[in-house]
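Overview (structure and organization)
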Amino acid sequence: MTNQFQNIGAWQKAHEFVLLVYRATKSFPEFEKFGLCSQFQRAAVSIPANIAEGYKKLSRADKLRFYNIAQGSLEECRYYIILSKDLGYIDEDSYNQLAISIEETSKLLNAYCKGVVDNNFGNQL
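First things first, this report covers the structure right here in the doc. The structure displayed is predicted, hence computed values, not measured ones.

Moving on, we get to helix α4 (residues 92–119). Here α4 contains 28 residues, and its C-alpha end-to-end distance of 40 Å stays within 8% of the 40 Å for a straight helix at 1.5 Å per residue. One side-chain oxygen of the residue at the start of α4 lies 3.2 Å from the amide nitrogen of D93, identifying that residue as D91.

Following this line, the structure appears as structure tokens:
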């Protein structure tokens, strides 16, 4: 059993994704600073932040509510990755790196949520 949210694999992968997003958005045009850049960063940060917040919730329903918010932010980021590529703000390599990272994060978060639902736990993965 883990006693810190930092030990959750889904949180670790989500945090890595946030770092990738911040690196990628550094090269966005200046006029996107308060537009797509800000939205992308906020949605990315929301993923591990909601995993962390849900971790200490006592009820399964509360945990799952925060993990579901994280899943929603993850899907928002999935769109921002596509949009960033289509606008020419990121190259193919950055796109692939972000797409792979978000997919790995999604799989881990989905598995973690399934564990909470199936086994009535949330601090053990």
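Picking up where we left off.
To continue, consider the packing of helix α2 (residues 36–55) against helix α3 (residues 60–86). Packing of α2 against α3 brings their axes to within 8 Å, and their N-to-C directions diverge by 155°. Between α2 and α3, the interaxial angle falls into the category roughly antiparallel. Both α2 and α3 take part in a crossing whose hand is left-handed. Considered class by class, the residues forming the contact of α2 with α3 number 16 nonpolar, six polar and three charged.

Relative to the assigned elements, F5 resides in the segment before α1 (9–25). Between the C-alpha atom of F5 and that of G54, which follows or precedes it by 49 residues, the distance is 9.1 Å. Sequence-distant contacts of F5, defined by excluding residues within four places in its chain, comprise W11, A52 and Y55.

A few words on α2. Relative to the 28 Å expected for 20 residues at 1.5 Å per residue, α2 spans 29 Å between its end C-alpha atoms, a close match to the ideal helical length. Taking the largest bend as the criterion, α2 deviates by roughly 25°, centred on I47, and proline P48 comes between one and four positions later. When you tally the buried positions in α2, you get 14 out of 20 residues, the bulk of the element.

Moving on: the packing of α3 against α4. Interhelical geometry of α3 versus α4 gives an angle of 165° and a closest axis separation of 10 Å. What the angle tells us is that α3 and α4 run roughly antiparallel. α3 and α4 meet at a crossing whose hand is left-handed. The class makeup of the residues in the contact of α3 with α4 is 16 nonpolar, four polar and six charged.

Here the focus is the side chain of S73. Counting through the fold element by element, S73 comes out in helix α3. Discounting chain neighbours no more than four positions away, the residues touching S73 are A43, S46 and I47.

For the rest of this paragraph, the subject is the environment of R78. Among the secondary structure elements, R78 is positioned in helix α3. Sequence separation between R78 and A44 is 34 residues; the distance between their C-alpha atoms is 9.6 Å. When sequence neighbours within four positions are dropped, the list of residues in contact with R78 reads I102, E103 and S106.

Cut-offs and rules
Residues numbered from 1 in each chain as written. Predicted model: local features only at pLDDT ≥ 70, side-chain atom pairs only at ≥ 80, totals over all residues. Heavy atoms only, no water. Helix = DSSP H or I, 4+ residues; strand = E, 2+ residues; numbered from the N terminus. Expected span 1.5 Å × (residues − 1). Polar contact = N/O pair within 3.5 Å; in protein donor to acceptor, adjacent residues only side chain to side chain. Axes fitted to C-alpha atoms, helices over the stretch in contact; angles between N-to-C directions. Parallel < 35°, antiparallel > 145°, perpendicular 65-115°, else oblique. Left-handed = near helix turned anticlockwise from the far one by under 90°. Nonpolar A, V, L, I, M, F, W, Y, C, P; charged D, E, K, R; others polar. Contact = heavy atoms within 4.5 Å. Bend = angle between axes of the 7 residues up to and from the residue. Buried < 20%, exposed > 50% of the residue type's maximum accessible area, 1.4 Å probe, protein only.

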